[in-house]
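Residues per chain are reported as follows:
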Amino acid sequence: MTETARKSILLVEDEENLHDALRLNLELENYQVTSAYDGTQALKAVKAEYFDLVILDVMLPGIDGINVAETIRVQQNPVPILMLSARDTSADRILGLKKGADDYLNKPFNLEELLLRVQKLIDKNQKLQERNHIAEKYSFGKNTIDFKAQEAFNTKNERFSLSKKETMLLKLLIENKNEVVKREKILQAVWGYQVYPNTRTIDNFILNFRKYFEDDSRNPKHFHSVRGVGYKYTE
Ligand code: CA
């Protein structure tokens, strides 16, 4: 395995002995480990860096693990989270999963089981990213979109620029080609959980996409509204 292929893990655990033991074992499995000992450090790290996984203890000084998970999700960060907790009640487990954890392990846990779950979560996330990956440039009909440059060429081969939100929405719809993307998902992904715009905002974006990319914007071939549910892109 080359250095660049190493997967990175943020380890958030305040009990030092356990922290060191986990870190050592994860490093032996060839993971790149970043340490955090409280919620504030953890949130700072996830904002500053990309991680393939976060191992997150629930009981932490200051901001607890549940709040850390919730904040990570509010910030639109889809990083997989494996939560660790000494509390062994299903209510806690459900709360953890609700707030954004992908998996949950009670302490004391079997190290081998933890390593297996870590690997599974990372693999699953990798596959998801590969499936959804689209190239920097995407062509359909006579149109081409350049996501990186935030610009497009329409059917008449006219070049024009796209706003950041237009680019994000186009990418989201195209990545989910032939599937209805729910209104809520669009609002979360493009506008963020907390600032919900007027629901007509998305309609206006779709109307613009039709003007940009459709031969006949009244009979759209590519950008469809599904009444009361969401929107769909077809090639
Ligand atoms: Ca703890």
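For clarity, every value in this text was computed on a predicted model and none was experimentally measured.

Cut-off values and rules
- Residues numbered from 1 in each chain as written.
- Predicted model: local features only at pLDDT ≥ 70, side-chain atom pairs only at ≥ 80, totals over all residues.
- Heavy atoms only, no water.
- Core = buried A, V, L, I, M, F, W, Y, C linked by side-chain atoms within 4.5 Å.
- Buried < 20%, exposed > 50% of the residue type's maximum accessible area, 1.4 Å probe, protein only.
- Helix = DSSP H or I, 4+ residues; strand = E, 2+ residues; numbered from the N terminus.
- Contact = heavy atoms within 4.5 Å.
- Domains from an automatic or database assignment.
- Phe/Tyr/Trp six-rings, centres within 6.5 Å; stacked < 30°, edge-to-face > 60°.

**Quick word on the nonpolar core**
(1) Moving on: Counting 26 residues, the largest nonpolar core has Ile-145, Leu-173, Ile-186, Phe-209, Phe-213 and Phe-223 as the members making the most contacts within it.
(2) Moving on: Those elements giving two or more residues to this core turn out to be strand E6 (137-140), helix H6 (164-175), helix H7 (183-191), helix H8 (200-213) and strand E12 (230-233).
(3) Moving on: Among residues more than four places away in sequence, those in contact with Phe-213 are Phe-140, Asn-143, Ile-145, Ala-152, Thr-155, Phe-160, Leu-170, His-222 and Phe-223.
(4) Moving on: Of all hydrophobic cores here, the second largest spans 21 residues; its members include Leu-43, Leu-60, Ile-72 and Val-79.

**Brief notes about the domain arrangement of the chain**
(1) Moving on: By domain assignment, the chain separates into domain 1 (3-130) and domain 2 (137-233).
(2) Moving on: Each of domain 1 and domain 2 has a C-alpha centre, and the two are 34 Å apart.

**Re the packing of aromatic side chains**
(1) Moving on: Per the counting criterion, the structure on display carries 12 aromatic pairs.
(2) Moving on: Summarising the aromatic geometry, the rings of Phe-209 and Tyr-212 are spaced 6.4 Å apart at their centres and angled 45° between planes, so their arrangement reads as tilted. Residue Phe-209 and its partner Tyr-212 are located together in helix H8, separated by 3 residues, close to a single helical turn.
(3) Moving on: Their ring planes at 85° and their centres at 5.7 Å tell us that Tyr-212 and Phe-213 sit as a pair that is edge-to-face.
(4) Moving on: Take Phe-213: its relative accessible area is 1%, and that puts it in the buried class.
(5) Moving on: In this structure an aromatic cluster arises from ring pairing among Tyr-138, Phe-140, Phe-160, Phe-209, Tyr-212, Phe-213, Phe-223 and Tyr-233.

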